[in-house]
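Coordinates in review
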Amino acid sequence: MIQDVTVVILAGGQGTRMKSRMAKVLHRAGGKALVEHAIDTALEVAPANRVFVVVGHQADAVRAVASAAGVGSIHQKEQLGTGHAVMCGEDQLIGLGGTLVVLNGDCPMIRPETVRQLVDLYRETGSGAAMITTDLDDPTGYGRIIREPNGDVLAIVEHKAATPEQLHVREINAGFYCFNAAAFWKHVHELRTDNPAGEYYLTDMVAILLSAGHRVTALKIADSSELLGINNRVELAAVDKIMRDRKVRQLMLDGVTIERPETVTIDKDVQVGQDSILGPFTQLTGKTIVGENCKIGASCVLENAVIGDEVEIFPFSMVSASTVESKAHIGPFARIRMGAHLEEGAHIGNFVELKKTKLGRGSKSMHFAYLGDSTIGSKVNIGAGTITCNYDGKKKHQTHIGDGAFVGSNSTLVAPLEIGAGAYIAAGSAITHKVPEKTLAIGRARQVVKEGWAPKE
Ligand code: UD1
Ligand code: CA
């Protein structure tokens, strides 16, 4: 982090080429909104109170992302161009002085090291402005870097404004800039809209600062992959793929086995411990944390799940916003959701759903069950087909089951309900009243056998 650096992230545009009702920077790649990636990078470069996101299109939604990340915002009411976007922050930013870094909000692959390198170059050369450039085989759509015969940067010319000769230039402006803040604010009002788009182009600051006698330098990057800008959904998918490939590769290098790595989907912030094995088509999203020596079977989906060590999740199971302690087993075909909590060594089998339910140490529910709004003690056995009837049509009610209880198959537990420790529920019961400790509750009609009832042959 560099103390006197201010970062402005440009995120006010609609992103017409996305053909979306949602602002471009809210579209997601690698499991995060594009603007979140830019904020992550900014926070590695500058202190949070010097990071600002320019919001315009869908301002409230974009601002919400900024404030959730602890950074500020600048309101751009009308989208009159990238130069205008920064100008809108004049009142908030001018007093901060120092160095002004501007990042395009639609270029989520940039690494913080590269931005720091840009700041270093700007400082070492005493420049008024510096920007990141690269050579592209297909520079269509990008601003071109125009240089003097001696190599000095002269200007950035936007694609739309370029002459046929300038369109042949393969060196492009990547959308990352570093300015001397004092010089920037002194000259920013010299920006004009006399271009084909009728916008205030931030890129024109290069020519303006040069003519004011400042030096302008460029940091040319050989690997252009981190500079990719997203303008449409094809580019969004391409960047998403690169991010996910990187994540998977990093996890494998850190000691996680991933079977058929090209098939899995793992978000940027997910953590997986050493020697865990992820099966094909697994999806680990949000802030999911998986411990060490776990086996996550094929096609499992874990969303904001916290999984301990040595947990085994069999194929086609889903765990969302829930905690699973060490040595638990889940699935196949299980669903654990909304703050469910499996304590150590608990077992959940096929076609079992847990919602807002705590299942104690070593307890088991192995086949077909719905356990909702319940606290279940340790060493409890929940028989096949057990249902907690937690909803009376208006309200949800709680079920409490004590340690060591045995719930027979196909029991219907009508909440609110308490089943004491060590109690037995006979198979097929509908239980509507409290069951005291160590008792047997039978809630069904007694079997009747009618001798000779069948017609004679
Ligand atoms: C911009 C650069 C171009 C560069 C390219 C790199 C300008 C004029 N051109 O072009 O030289 O090669 O990025 O990707 O800067 N935005 C606002 N308010 C506005 C307009 C845009 O906040 O009024 C934001 C957008 O949300 C976006 C970013 O600025 O995140 C860039 O805008 P965009 O329209 O995509 O610029 P490009 O045409 O790609
Ligand atoms: Ca762009």
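How each quantity is defined
- Residues numbered from 1 in each chain as written.
- Chains lettered and ligands numbered in written order.
- Predicted model: local features only at pLDDT ≥ 70, side-chain atom pairs only at ≥ 80, totals over all residues.
- Heavy atoms only, no water.
- Donors = N, O, S within 2.8 Å, 3.2 Å for Na, K, Ca; no water.
- Helix = DSSP H or I, 4+ residues; strand = E, 2+ residues; numbered from the N terminus.
- Buried < 20%, exposed > 50% of the residue type's maximum accessible area, 1.4 Å probe, protein only.
- Domains from an automatic or database assignment.
- Contact = heavy atoms within 4.5 Å.
- Buried area = accessible area lost by both parts, 1.4 Å probe.
- Salt bridge = Lys/Arg side-chain N within 4 Å of Asp/Glu carboxyl O.
- Nonpolar A, V, L, I, M, F, W, Y, C, P; charged D, E, K, R; others polar.
- Near = heavy atom within 4 Å.
- Polar contact = N/O pair within 3.5 Å; in protein donor to acceptor, adjacent residues only side chain to side chain.
- Expected span 1.5 Å × (residues − 1).
- Pairing = 2+ DSSP bridges.
- Patch = residues over 30% accessible without salt bridge, like charges linked within 9 Å, V, L, I, M, F, W, Y side chains within 5 Å.
- Areas by Shrake-Rupley, 256 points an atom, 1.4 Å probe, with all protein chains shown as cover.
- Axes fitted to C-alpha atoms, helices over the stretch in contact; angles between N-to-C directions.
- Parallel < 35°, antiparallel > 145°, perpendicular 65-115°, else oblique.
- Left-handed = near helix turned anticlockwise from the far one by under 90°.
- Arc of directions from axis to C-beta.

**Notes on the coordination of the calcium ion (ligand 2)**
Looking at the calcium ion (ligand 2), one finds its protein donor set to be D106 (OD) and N231 (OD1), positioned 2.4 to 2.7 Å from the metal centre. One end of the pair, D106, is in the loop between β6 (99-104) and α5 (112-124); the other, N231, is in the loop between β11 (216-220) and α8 (233-253), and 125 residues separate them in sequence. What makes D106 buried here is its relative accessible area of 12%. Given the relative accessible area of 19%, N231 is considered buried.

**Let's talk about the domain arrangement of the protein chain**
Partitioning the protein chain into domains gives domain 1 (5-227) and domain 2 (246-441). Computed over C-alpha atoms, the centres of domain 1 and domain 2 are 47 Å apart. The interface of domain 1 with domain 2 comprises seven residues on the first partner and four residues on the second. When the two sides are added together, the surface that domain 1 and domain 2 hide from each other amounts to roughly 460 Å², 38% of it contributed by carbon and sulfur. Inspection of the region where domain 1 meets domain 2 yields two salt bridges. Residues K268 and D40 are paired through a salt bridge, measuring 3.1 Å at the closest nitrogen-oxygen approach. The residue inventory of the side of domain 1 that touches domain 2, partitioned by class, reads one nonpolar, four polar and two charged.

**Side note on the pattern of salt bridges**
Summed over all chains, the structure comprises 25 salt bridges. The residue D135 makes a salt bridge to K220 at a minimum N-O spacing of 2.9 Å. Linking D135 in strand β7 (residues 129-135) with K220 in strand β11, this pair joins segments that are 85 residues apart in sequence. D135 sits in the partly exposed class, given a relative accessible area of 32%. R335 serves as the salt-bridge partner of E353, at 4.0 Å between the closest nitrogen and oxygen. Highlighted residues: E353 in strand β27 (residues 347-355) and R335 in strand β25 (residues 335-337), separated in sequence by 18 residues. Looking at R335, the relative accessible area reads 39%, which means it is partly exposed. Among the ionic contacts, a cluster of salt bridges with common partners joins K32, D40, K268, D269 and K287.

**Let's talk about the site of ligand 1**
If you check the shell around ligand 1, you find 25 residues, and the closest are G12, Q76, T82, E158 and N173. Within the backbone of L80, one N or O atom sits 3.4 Å away from an oxygen atom of ligand 1. Those elements giving two or more residues to the shell around ligand 1 turn out to be β1 (5-11), α3 (82-87) and β10 (171-180). Here the shell around ligand 1 takes three residues from β10, the largest share from any one element. For the shell around ligand 1, the per-class residue count stands at nine nonpolar, twelve polar and four charged.

**Here we look at helix α1 (residues 34-45)**
Under the 1.5 Å per step criterion, the end-to-end length of α1 is 17 Å for twelve residues, consistent within 8% with the ideal 16 Å. Among the residues of α1, L34, V35, H37, A38, I39, T41, A42 and V45 are the ones counted as buried.

**Quick look at the pairing of β1**
Buried residues dominate β1, accounting for seven of its seven residues. Here β1 shows a buried face lined by V5, V7, I9 and A11 and a second buried face lined by T6, V8 and L10. Sheet topology places β1 next to β6; six bridges connect them, and they run parallel. By the bridge assignment for β6, V8 is matched with V102. Looking at chain direction, β1 and strand β4 (residues 51-55) are connected through five bridges and run parallel. Residue L10 lies in a different strand from β4, and its bridge partner there is V54.

**What about a nonpolar patch on the surface?**
Where nonpolar side chains cluster on the molecular surface, the patch consists of F316, F333, F351 and F368 and spans about 430 Å² of accessible area. Locating F351 in the fold gives a position in strand β27.

**Focus: the packing of α1 against α5**
Axis separation between α1 and α5 bottoms out at 9 Å; the angle between their running directions is 50 degrees. In terms of orientation, α1 and α5 fall into the oblique class. Helix-helix and strand crossings are classified by hand; for α1 and α5 the assignment is right-handed. Two secondary-structure elements touch here, α1 through T41, E44 and V45 and α5 through P112, V115 and R116. By residue class, the composition of the contact of α1 with α5 is three nonpolar, one polar and two charged.

**Regarding the pairing of strand β8 (residues 144-147)**
Of the pairings in the sheet, the one linking β8 to strand β9 (residues 153-157) comprises four bridges and is antiparallel in character. Within the sheet, the bridge partner assigned to R147 lies in β9 and is V153. Connecting β8 to the antiparallel partner β9 that follows it, the hairpin turn spans five residues, and G151 within it adopts a positive phi of roughly 100 degrees.

**A look at the side chain of T357**
Within the secondary structure layout, T357 lies in the loop between β27 and β28 (358-359). By relative accessible area, T357 is classed as buried at 1%. A distance of 3.2 Å separates the side chain of T357 from the backbone nitrogen of S374, its partner in a polar contact. Residue contacts for T357: discarding those within four places in its chain leaves G339, A340, H341, L371, G372, D373, S374 and I376.

**Observations regarding α8**
Residues three or four positions apart in an α-helix share a direction because the helix packs 3.6 residues into each turn. Taking 1.5 Å per residue as the helical rise, α8 with its 21 residues ought to reach 30 Å, and the 30 Å between its terminal C-alpha atoms agrees with that figure. For α8, the set of buried residues is L236, V239, M243, R244, K247, V248 and L251. Seen along its axis, α8 keeps its buried residues to an arc of 165 degrees; they face one direction. Facing away from the buried side of α8 by over 90 degrees, the exposed positions are V234, R249 and L253.

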